[in-house]
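Reading the structure
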Amino acid sequence: MRYAIVVEQAAANYCAYVPDLPGCVATGSTIDEVQQQIRDAITFHLEGLREDGAPIPLPSSHVEYVEVAAA
């Protein structure tokens, strides 16, 4: 499956979350690290849902960028 992730820069690191998997988050000191950490977090999250017999949410988020004029 292919899930959308959101990566944000924090004060001293990066954080990522998955809109389609509430509670699935990760942090890392670089973008590459946080991307690997969120992959691991998604795998762990989905394994937990399977073990609990819970449904696996299908990816449904759509990501786009919108350009606007700077003020």
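Residues numbered from 1 in each chain as written. Predicted model: local features only at pLDDT ≥ 70, side-chain atom pairs only at ≥ 80, totals over all residues. Heavy atoms only, no water.

Observations concerning the pairing of strand β2 (residues 14–17)
Judged by which residues are buried, β2 turns out to be one-sided: Y14 and A16 face inward and are buried, whereas C15 and Y17, on the alternate face, are not. Taken together, the four bridges between strand β1 (residues 6–9) and β2 define a ladder with antiparallel strand orientation. Bridge pairing in β2 places E8 opposite C15. The loop that links β1 with its antiparallel partner β2 comprises four residues. Pairing between β2 and strand β3 (residues 25–28): four bridges, direction antiparallel. When the bridges of β3 are listed, Y14 appears paired with G28. (Buried < 20%, exposed > 50% of the residue type's maximum accessible area, 1.4 Å probe, protein only. Helix = DSSP H or I, 4+ residues; strand = E, 2+ residues; numbered from the N terminus. Pairing = 2+ DSSP bridges.)

A few points about the nonpolar core
Across soluble globular proteins, you tend to see nonpolar side chains buried next to one another. Core analysis: the largest hydrophobic core is formed by 13 residues, its most contacted members being Y3, V18, L21, C24, I38, I42 and L46. When contributions to this core are tallied by element, the ones reaching two or more residues are β2 and α1 (31–52). Among the elements that take part in this core, α1 stands out by supplying six residues, more than any other. Ignoring sequence-local partners within four residues, the contact set of I42 consists of Y3, I5, V18, L21 and C24. (Core = buried A, V, L, I, M, F, W, Y, C linked by side-chain atoms within 4.5 Å. Contact = heavy atoms within 4.5 Å.)

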